[in-house]
Structure formats: structure tokens, C-alpha cells
Amino acid sequence: MIRLEHVSKAFAPGAGSARAVDDVSIDVPAGQLLVLIGPSGSGKTTTMRMINRLERPTDGRILVDGNDIAELDAVKLRRTVGYVIQQSGLFPHFTVADNVAIVPRLLGWPAAKRRKRANELLELVGLPPATFADRYPRQLSGGQQQRVGVARALAADPPIVLMDEPFGAVDPITRKQLQRELRRIQAEVRKTIVFVTHDIGEAFHLGDRIALMSDGRVVQKGSPADLLLTPATPFVTDFIGEDRGLRALQYTRLSEVAKPRATAAAAGEAVLSGSASVMDALRCVGSQGGASGSGVWVNGEGGGPAGFFSYADMVGMLGMTVAESPPNEPAH
Amino acid sequence: MRTLAHDPGYALLLTLQHVEIVGIAVLVALLVGIPTGIGIVRLRWLEAPVVNTASVLYTVPSLALFAVLIPFTGLGPEPAVVALILYSLLVIIRNTIAGIDSVDPAMVDAARGMGMTAAQRLVLVELPLGLPVIVAGVRLAVVSGIGIATIAAYVGAGGLGILIFDGIRTLNPDRVVAGALATSALALLADWGLLRLEKVLNRERRRPVEAGMA
């Protein structure tokens, strides 16, 4: 678990100087992916870089599992924090396998163990080691390089991974694919991830929680649905853009909107998982014909109490999305 | 008249002397210059004083430098080796700095972020990636050293310059030409070899392409 407590960073020290990061407090629970998003210069990358001490906070403190990282050895700390950067940051003079195994090498693992680990990770990121292990980075496509970058960050099995716009430099189709892969990998390895991006679609797609930053401050933090359904300021609305309604349907989980019910689903009634989206519920109801009293049952997560998301509520959300959509331009 | 063709042993001896003077000088300059360059990258305020001093030394004509050195070193190869060390230091220090500076900041950032110590960063990332530029400095030092070492024959250092000075003294243009050709051939050979090394290093250590299969 990562906790930022009133963290500020001023690059030019002194009172009154502009702060790149200004009084940021965020918690990232273990195993969750936090997206830091915002326009250029909003302080998102600096905030992330303070977590592995590539930057030092001017004020405030950062705790990892309760320990103030300012008191840890920076080099040791960084070996327990995976790091992925834009353009992959792979070393051109190392093979793919050697790139992946750098942190294990720094940690003094024997060569055979390093090689085995590199192969496992290449397998995990979908690059068969038989084909890719001995290649050099320049022999890979941009998307493949990013996969290697992810594998490298995971090599020593760090509990925390920092990702600085890792998919920013690849084409949109490859990016979508890498995002899907990251979700799959994250479901498997369950790291605590801080992910910096300026792509709002990426933020909603990947983030368990999102912190939207502007001018060094966190404007709003919460689940994707929080930002979509209850934007804190007009800036949030603006930043999310005109797809907000559609995205709200896509990224609001049923567990966030279902109403608790004492009774349980009767035989034949639709039951969806709490992690399914409102869009899924709409599809499900649509295929049933959409009777007015209908809806979907929502499984309580981890065996918790079940809930019900009614057709009326769905229509309510749809109404909101329609109302918030900008009016069509009159046809000429 | 005795020509080189009649006495290949003598020509070989002079060539070896020449190579020895340049080789020892460049080797010492490397041993001193590379650590100095690395030190300057870490302690940047040293750059101006060190590089300026080396630049001033570089502008001193070789004959004048020999003359200054002889009271300390005596005649023979010693003043030649010392002078060549001083000349080579400038390019080697400067290219070591330029080589390390040429490393993509993203590489250095990645190295730091993964938990490399400053020494590991230097050995695993900065020196290997800066090597082509450093080798380019060595090439310059070797090639100009071969030329300057010719003049060192004047102070008794031996080497291929002997042919040229003998030729001038005895009004034997064949000898002058033979000496000049041999020196040029040596310089070209060294240049070619080191350039090839530079190219191989550049190819191996080229930055990764942004996208697309190579």
C-alpha cells in the first residue's frame, strides 16, 4: 500500500515559487491500479517519480507499507519498485532477456535463475522466449518493446510498479491491445500500480481508481464511476469530454449502483457480477425485452449481499447521459 | 644509395618504434583521460579548468613542447611520449565527456529508476553507450599522434621521422618520400581500423527504433 501525505514538490526552492506538485494526498491500496491523469505540466509524472525517489518531495511524506520512504536507501527502494517508461527505455546494447533480467542481476541472482525468470516473464507478456529472448530491442516493434518494458518491471517481482505513460508512443490499435494485456497481467499478478497517462480512455479502462490532476493539485480522485457520474468541478467534466455519458455506462460497475435487496434472485432471473458494467446490464435487459418492472440482479462481491439494478434506474442513467450530451449541430 | 626496399629490417624497426611511441602515449592518455572525463561528468565545475588547460596545451606547437620537455626528460623517445600524452589527453577527456553526455537521458533515468548505483550506471549503461564517441576520440588521438611522432625524430625519439630528417639532411628526396608515405600508410591503417571499430560499436549500440520491425 502506498500513501502520499500532503506531498509537495517545488523545483526552484524558496517561498512563493510555483509548485509542480501541491499538497497531494493519495492512498493506493495494495493490488490496485491508480491512474494519475491530467494535462501536461499537471504534476502527475513528478508525483509518480517521488514514489521511487527519482524526485524528492519538498514537503509531506510518502509511506510504503507504513514505512517513510525518505528513511529507506534509495537504491534498495528502487529495486523493489518496478519502473516502466515511455519509449520502453530498453538498453539497446542488451538482449531482450538481459534487459528483462537487469534488476535480478543487480540483486545478484545467479545467471541460470535470471534466465529462467526472464523466460517466464517474456511468456507472461506474450513474447515467446525462444523467438525473442536473444534479440536486441531494435529488432522489435514499438509494441513488443513496451511488452519487454513491462516484463522488465516485473522481473524481481516487486510489490509496486510505476508506469509513466508506458503506451504513449505506440499506435492506437497496439495501445488497445497492450491495455488489454496489462489488465490480464494485473489480474494475474495483482501489483500495486501507479499509472501515469494523459489518455482519458486509458484511465477509465485501466484504473481501479483515478486521480485527476491540474496545476499540481488533485482535482478529483475516485473510481471511474465517481468521476463520470459526479464530476467535482467543470474542469473534470471538460477533461472527460463529451463521451462522458457513454463512458459512464461503460465504466460504472453494477456494484456501485445496485440497490440492496433482502430477497434473492428467483429462478430464471438475470444475475450479473458486480464488476459488470451498466452497459452489460442494458444489453441483458434489452435481450429480455425490457419490461418495466425488470432489471438485473447483481452478485454481491465475495459472497456479500446481493443487489438489484432496475430498469428504471438504467433509464435514469441513460437520461442523464442524453441530457449531458451536447446538442447536435443543426444540419445545413 | 640505400633505400627502404634494400633494408626492410630497418624500415620495420622504425615503424615499430613509431607505433611504440604512439601506442604508449595513447594508452597512458586513455588511463588518465577516461577517469578524468568520468570525474568531470560527476563534478561539472571541473570541466572548464581541465578542458581549457588541455586546450591550451594542444595549441602549443610540438617542436616548442619538445624543447620545453627536454630539460626534464632528456633527449630520446621520452619527450615524444610525454608530448603525445598531453596532446591526446584533450581529445580523450573531451570525447569521454561527450560520450557520456550523448547517452539518452531516458536510458539514464531508466537505469536510476531500476535501482542502479552510480557506479553500475556508469559501467552498465553510460560507458557502453558512450563508447562509440570515446573511440572516435581515440582515433583522433592515434592519427594525429602518428603525425606528431614524426617530428619527434628531431629530438632523437626514433620512428619513421628519421627517414624524413635523414632525407632532408642528405638531400635525398626518395628517403623523404619513403618516410612520408610510410607515416601516412600507418596513419591511414590506424584510422581505418579504429573507424571500423567505431562503426561496429555504433551498430551494436544504436538507439532502439521507435516502432516497426527491423
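Residues numbered from 1 in each chain as written. Chains lettered and ligands numbered in written order. Predicted model: local features only at pLDDT ≥ 70, side-chain atom pairs only at ≥ 80, totals over all residues.

(A) Geometry of the pairing of strand E3 (residues 33-37) of chain A. Residues and elements named next belong to chain A. For E3, the buried fraction is high: 5 of the 5 residues fall into the buried class. Every second residue of E3 is oriented toward a common face, with Leu33, Val35 and Ile37 on one face and Leu34 and Leu36 on the other, all of them buried. One ladder, built from 5 bridges, connects E3 with strand E8 (residues 192-197); its direction is parallel. Residue Leu34 lies in a different strand from E8, and its bridge partner there is Val194. Two strands pair when backbone bridges link them, and E3 and strand E9 (residues 209-214) are joined in this way by 4 bridges, in the parallel orientation. Looking across to E9, one finds that Leu36 is bridged to Ala211. (Buried ≥ 20, exposed ≤ 12 C-beta atoms within 10 Å, placed from the backbone. Helix = DSSP H or I, 4+ residues; strand = E, 2+ residues; numbered from the N terminus. Pairing = 2+ DSSP bridges.)

(B) Local environment of the sheet that holds E8 of chain A. Residues and elements named next belong to chain A. Pairing within the open sheet is mixed, and its 6 strands lie in the order E6-E7-E8-E3-E9-E10. Here the strands that pair on one side only, and so sit at the sheet edges, are strand E6 (81-85) and strand E10 (217-222). Taking each pair of neighbouring strands and ignoring which way they run, the sheet shows an average axis angle of 15°. With 5 bridges connecting them, E9 and E10 associate as antiparallel partners. Paired with Ser214 across the bridge in E10 is Arg217. The strands touched by helix H7 (residues 142-154) are E6 and strand E7 (160-164); relative to E6, the strand with the most contacts, the crossing angle is about 165°. (Axes fitted to C-alpha atoms, helices over the stretch in contact; angles between N-to-C directions. Contact = placed C-beta atoms within 7 Å.)

(C) Quick look at the pairing of strand E13 (residues 295-298) of chain A. Two elements, strand E12 (residues 271-272) of chain A and E13 of chain A, share 2 bridges in a ladder whose sense is parallel. Looking across to E13 of chain A, one finds that Val271 of chain A is bridged to Trp297 of chain A.

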